[in-house]
Amino acid sequence: MNSLTCIIPIEPTTKVCRKCGIPQPLERFPFEKARQTHRGTCKACRAAESRALRSSAEHAERIREAERIRSKRRRPYILKWQREHPDNMLPGYRRRAARRKERLAAARLAAAQATPQLF
Ligand SMILES: [Zn+2]
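These figures come from a predicted structure and were not determined experimentally.

Criteria and cut-off values
- Residues numbered from 1 in each chain as written.
- Predicted model: local features only at pLDDT ≥ 70, side-chain atom pairs only at ≥ 80, totals over all residues.
- Helix = DSSP H or I, 4+ residues; strand = E, 2+ residues; numbered from the N terminus.
- Contact = placed C-beta atoms within 7 Å.
- Buried ≥ 20, exposed ≤ 12 C-beta atoms within 10 Å, placed from the backbone.
- Expected span 1.5 Å × (residues − 1).
- pLDDT = per-residue confidence, 0-100.

J.: So what about the overall build of the protein chain? Which residues, and what values?
T.: A count of helical and extended segments in the protein chain gives four helices and four strands. Along the protein chain, from the amino end to the carboxyl end, the secondary structure elements read α-β-β-β-β-α-α-α. When contacts within the protein chain are restricted to residue pairs at least 6 apart in sequence, those whose partners lie at least 24 apart make up 12%.

J.: Quick one: what's the story with unusual backbone geometry, residue by residue and with numbers?
T.: We note that Gln-36 has phi near 55°; this positive angle belongs to a residue other than glycine. With respect to the helices, strands and loops of the structure, Gln-36 is situated in the loop between strand S3 (31-32) and strand S4 (37-38). You can call Gln-36 exposed: it has 7 C-beta atoms within 10 Å.

J.: Give me the lowdown on helix H2 (residues 43-54), citing residues and values where you can.
T.: Spanning 12 residues, H2 covers 16 Å between terminal C-alpha atoms, matching the ideal 16 Å at 1.5 Å per step. With respect to burial, H2 is a largely exposed element, only one of its 12 residues being buried.

J.: With reference to specific residues and values, describe the confidence of the model for the protein chain.
T.: Of the residues in the protein chain, 88% reach a pLDDT of 70 or more, and the chain-wide mean stands at 88. Within the protein chain, the lowest mean pLDDT, 54, falls on helix H1 (residues 3-7), and the highest, 95, falls on helix H3 (residues 57-84).

J.: So what's going on with the environment of His-38? Which residues, and what values?
T.: Within the secondary structure layout, His-38 lies in strand S4. The exposure class of His-38 is partly exposed, given the 16 C-beta atoms found within 10 Å. Considered as a pair, His-38 and Arg-28 are 10 residues apart in the sequence and their alpha carbons are 9.1 Å apart. Once you skip the residues sitting within four places of it in the chain, His-38 turns out to touch Lys-15, Leu-26, Phe-29, Pro-30, Phe-31 and Glu-32.

J.: Explain helix H4 (residues 92-114) to me, and be specific about the residues and the numbers.
T.: Taking 1.5 Å per residue as the helical rise, H4 with its 23 residues ought to reach 33 Å, and the 33 Å between its terminal C-alpha atoms agrees with that figure. Of all 23 residues that make up H4, zero are buried, and the element is exposed over most of its length.

J.: Any chance you could break down the environment of Arg-18 for me, citing the residues and the numbers?
T.: For Arg-18, the position within the fold is in the loop between strand S1 (14-16) and strand S2 (23-25). A residue is classified by how many C-beta atoms lie within 10 Å of it, and Arg-18, with 12 of them, is exposed. For the pair Arg-18 and Gly-40, spaced 22 residues apart in the sequence, the C-alpha separation amounts to 5.5 Å. Once residues within four sequence positions are removed from consideration, Arg-18 is found in contact with Gly-40 and Thr-41.

Here is the structure:
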């Protein structure tokens, strides 16, 4: 055995979850890059935790509030875009009718150029 192998500690391959207390292989624990180590709570417990959080009414309220703030912040930009693109603000059927009209005019023009004697 050389000196190098002595100072490198043997990586443990299992870890006991802080939450459920079940010893599990290391890959069942999320790896934290910043700390260069695995987290203390296993992935299953963390998933259960966030599932419980997501289904809470308080969380839903937080999401609604964040969305309200976000849409309020976006409003001026949306209004600006709508002012700059009035054509896009028409209902779909109007937009499609306008495009159809354009296509038809272009087709007529092409036909007229192809056979001028007919027109
Ligand atoms: Zn666990």
